[in-house]
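What follows is each chain in one-letter form.
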There are 2 protein chains.
Amino acid sequence: MSVDGHNTYTPGYKPTHTTHHEWRTAENSAAYLLPYIAKLVEGDPNIKLLDVGAGSGTISASLAKYLPSGQVVATDLSEEILGRAKTFAETSGVKNIAFKQASVYELPFPAASFDVTHASQVLCHLDRPDKALAEMVRVTKPGGVVGVRESDLRTICSWPDIKEVRDAYELMAAAMDQAGGSGMGGRRLISWALAAGVSRDSITQTYGTWTFSEPSDRRMWASAMIERFKTGEIRERALRTGLATTGGMEEMIKGLERWMICEDASMGLVHGEIVIRVV
Amino acid sequence: MSVDGHNTYTPGYKPTHTTHHEWRTAENSAAYLLPYIAKLVEGDPNIKLLDVGAGSGTISASLAKYLPSGQVVATDLSEEILGRAKTFAETSGVKNIAFKQASVYELPFPAASFDVTHASQVLCHLDRPDKALAEMVRVTKPGGVVGVRESDLRTICSWPDIKEVRDAYELMAAAMDQAGGSGMGGRRLISWALAAGVSRDSITQTYGTWTFSEPSDRRMWASAMIERFKTGEIRERALRTGLATTGGMEEMIKGLERWMICEDASMGLVHGEIVIRVV
């Protein structure tokens, strides 16, 4: 879905939907990028990092700790969520961070402004991820890196194998596709980078995962999904566009409730990761 | 398939089928276990590690470097492959390693003999993975760990999305199931450990991946699959049991050949990983 050439964030910003976002850290969501940051900091402790589509800002604040003498700028299309990100950084005692409302399609920075430009779960919501990537490359200095990590909602490893749980993940992927994004963004990162004019030689691509296996993690993850199916924008979208019925979503919720209390349950969600070396 | 209560190794040991095995290292196939080994080595530099079902032995030799004052014992059911593992260790200059033919169901060691007991891609070939895990726990000292990593052939993230490539992975998973193992072993590790009598509290479970994205890695991976479909035991099994036709396998081979030369191609294969803290 496009508004004035921008994309909206399909899942929405209600507190019940962002609880899971606040679990996100540099360690569980940007580990692939940390060695590159460490190397750049070694060369210049005062490097600048841009976090695009930062949302709740927990990854931004977490990344800021890896460049204690450097500076992080976190942007998002939503002023509302940036306010929450700012509060989070303040209460976490992170001082080397600034916030700015901006679209990833038109970043309000001169070319070659940042040493590292990062996005997590942003491109999968866009109808022009290639254009966003080109803009991220533009604001990055030669010698710097762009790092992007996107989930792949059709590559999920879940046990016990419950049909209604599989249906729930497929609904999430289909809703992302239907909203103009991509439910399989994780695996498309190289193709998006090539479309953005990046040469294949400048790209390193890996796959990472999120694991939900400990009882508290399973409950946190499944509860967030259940809340989305009960009151989230995905419910409204699914019913409006015929992706699912009320009854179907009830069954998915019951499946997730069964899954999260199984002693042997676990879930792995695959993410694609690319690092672009800017030249 | 069971022989005298043991399971055979479905893919077979022809050199063309083991090339990919020799790519395996502690870093790309046992990274989840390295922090546990480092901690144990800190407490006692002379620890002993058992690598069960070691096959070509490249992971065993690679693990041996993490305990330079310790000792690795590598076992396998096949004397033939252990001979190759021994040669590999010798040519790699790894000296703290010994080899012993053994079944994982009846390890020829007293209880509590090892600080670390490891297996990679072994349990998915067995009809009694729980029994094997119990035996691995038996030979491990209290305070030590058992680490197991198994692929999940039904959790594959592949781009471009080529139907015949998806069919190829499904055939591999189905052949594993058909042979008495599990094509979804990666996600079943906690359930197998519980069946082996391990308490949930003693288990840490994560998901990791193998990525094949660089041109040379894509070629290595796809070529190994193509060789299996052309001359491997999987071909004979698929035709004998009706899992695939000659024509179907030809299409899969063509799909893999197309995939491996795509500039934007990548593939992520999910692995389940568990660490059992032995008490």
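Residues numbered from 1 in each chain as written. Chains lettered and ligands numbered in written order. Predicted model: local features only at pLDDT ≥ 70, side-chain atom pairs only at ≥ 80, totals over all residues. Heavy atoms only, no water.

Trainee: Before we move on, could you go through the sheet that holds strand β3 (residues 48-52) of chain A and cite the residues and values that matter?
Mentor: Backbone-to-backbone hydrogen bonds join strands into a sheet, with any given pair of strands oriented parallel or antiparallel. All names here are of chain A. Ordered in space as β5-β4-β3-β6-β7-β9-β8, the seven strands form an open sheet in which the pairing is mixed. Of all strands in the sheet, those bounded by a partner on one side alone are β5 (97-101) and β8 (203-212). In this sheet, neighbouring strand axes are inclined to one another by 20° on average, regardless of whether the strands run parallel or antiparallel. Against the sheet, helix α5 (residues 79-91) contacts β4 (71-76) and β5, and its axis sits at roughly 175° relative to β5. (Pairing = 2+ DSSP bridges. Helix = DSSP H or I, 4+ residues; strand = E, 2+ residues; numbered from the N terminus. Axes fitted to C-alpha atoms, helices over the stretch in contact; angles between N-to-C directions. Contact = heavy atoms within 4.5 Å.)

Trainee: Quick one: what's the story with the packing of helix α9 (residues 215-231) of chain A against helix α10 (residues 233-241) of chain A, residue by residue and with numbers?
Mentor: Residue and element names in this part refer to chain A. The contact between α9 and α10 brings their axes to 5 Å, and the two run at 50°. Relative to α10, the element α9 is oriented oblique. As α9 packs across α10, the resulting crossing turns out to be right-handed. Of the residues in α10, those in contact with Arg228, Phe229, Lys230 and Thr231 of α9 are Glu233, Ile234 and Arg235. (Parallel < 35°, antiparallel > 145°, perpendicular 65-115°, else oblique. Left-handed = near helix turned anticlockwise from the far one by under 90°.)

Trainee: Any details on the nonpolar core? Residues and values, ideally.
Mentor: Judged by nonpolar contacts, the single largest core of 32 residues is most densely connected at B:Tyr169, B:Trp221, B:Met225, B:Phe229, B:Trp259 and B:Met267. Within the residue set of this core, elements represented by two or more residues are β7 (140-159), α7 (163-178), β8 (203-212), α9 (215-231), α10 (233-241), α11 (246-260) and β9 (266-277) of chain B. Per-element accounting of this core gives the leading share, eight residues, to α7(B). Beyond its immediate stretch of four places on either side in the chain, B:Tyr169 contacts B:Leu153, B:Ile156, B:Trp221, B:Met225 and B:Met267. Core analysis: the second largest hydrophobic core is formed by 31 residues, A:Trp221, A:Ala222, A:Ile226 and A:Trp259 among them. (Core = buried A, V, L, I, M, F, W, Y, C linked by side-chain atoms within 4.5 Å. Buried < 20%, exposed > 50% of the residue type's maximum accessible area, 1.4 Å probe, protein only.)

Trainee: Pulling in residues and values, what's your account of the interface of chain A and chain B?
Mentor: Listed by partner, the interface residues are 32 residues for chain A and 32 residues for chain B. Across the chain A to chain B interface the summed buried area is about 2,500 Å²; carbon plus sulfur atoms make up 58%. If you sort the residues of chain A by the area they bury against chain B, A:Cys157, A:Trp159 and A:Tyr207 come out on top, with a joint share of 25%. Where chain A meets chain B, there are two salt bridges. (Buried area = accessible area lost by both parts, 1.4 Å probe. Salt bridge = Lys/Arg side-chain N within 4 Å of Asp/Glu carboxyl O.)

Trainee: Describe α10(A), and please don't skip the residues or the numbers.
Mentor: Helical periodicity: at 3.6 residues per turn, an α-helix aligns residues three or four positions apart in one direction. Residues and elements named next belong to chain A. Where α10 is concerned, the buried positions are Ile234, Arg235, Arg237 and Ala238. Buried residues of α10 fall within an arc of 170° about the axis and therefore sit on the same side. Its buried side turned inward, α10 meets α7 (163-178), α9 and α11 (246-260). Of the residues flanking the end of α10, it is Gly242, one or two places downstream, whose phi is positive at about 80°. (Arc of directions from axis to C-beta.)

Trainee: Hey, could you go over unusual backbone geometry for me, with residue numbers and the actual values?
Mentor: Residues and elements named next belong to chain A. Omega for the bond connecting Trp159 with Pro160 falls within 30 degrees of zero, at -5°, which places this linkage in the cis form. With respect to the helices and strands, the residue Pro160 is situated in the loop between β7 (140-159) and α7. Positive phi, normally seen in glycine, also occurs at Gln121, with a value near 55°. Examined against the element boundaries, Gln121 turns out to sit in the loop between β6 (114-120) and α6 (129-138).

Trainee: Describe the packing of α7(A) against α9(A), with residues and values.
Mentor: Residue and element names in this part refer to chain A. Contact geometry of α7 with α9 gives a least axis separation of 12 Å together with a crossing angle of 60°. As judged from the angle between their axes, α7 and α9 are oblique. α7 and α9 meet at a crossing whose hand is left-handed. Along the contact surface, α7 presents Ala168, Tyr169, Leu171 and Met172, while α9 presents Trp221, Met225, Arg228 and Phe229. In terms of residue class, the contact of α7 with α9 is built from seven nonpolar, no polar and one charged. (Nonpolar A, V, L, I, M, F, W, Y, C, P; charged D, E, K, R; others polar.)

Trainee: Describe the relation of the copies chain A and chain B, and please don't skip the residues or the numbers.
Mentor: Each copy superposes on the other: chain A lies on chain B with an RMSD of 0.0 Å after a rotation of 180° and an axial shift of 0.0 Å. Both copies of the chain, as the preceding transformation shows, are related through a two-fold rotation axis. Of the C-alpha atoms belonging to chain A, the one lying closest to the rotation axis is found on A:Thr155, 2.9 Å away. When you check the interface residues of chain A against chain B, 100% turn up at the interface there too, and the contact is symmetric in its surfaces. (Least-squares fit on C-alpha atoms with pLDDT ≥ 70 in both.)

Trainee: Just give me the short version of the pattern of salt bridges, but keep the residues and values in it.
Mentor: Residues and elements named next belong to chain A. Counted according to the given criterion, the structure contains 28 salt bridges over all chains. For the salt bridge of Glu164 with Arg258, the shortest nitrogen-to-oxygen distance reads 3.8 Å. One end of the pair, Glu164, is in helix α7; the other, Arg258, is in helix α11, and 94 residues separate them in sequence. For Lys254, the salt bridge is made with Glu251, and the minimal N-O distance between the two is 3.5 Å. Note that Lys254 and Glu251 are positioned in helix α11 at a spacing of three residues, about one turn of the helix.

The analysis is restricted to geometry; functional conclusions fall outside its scope.
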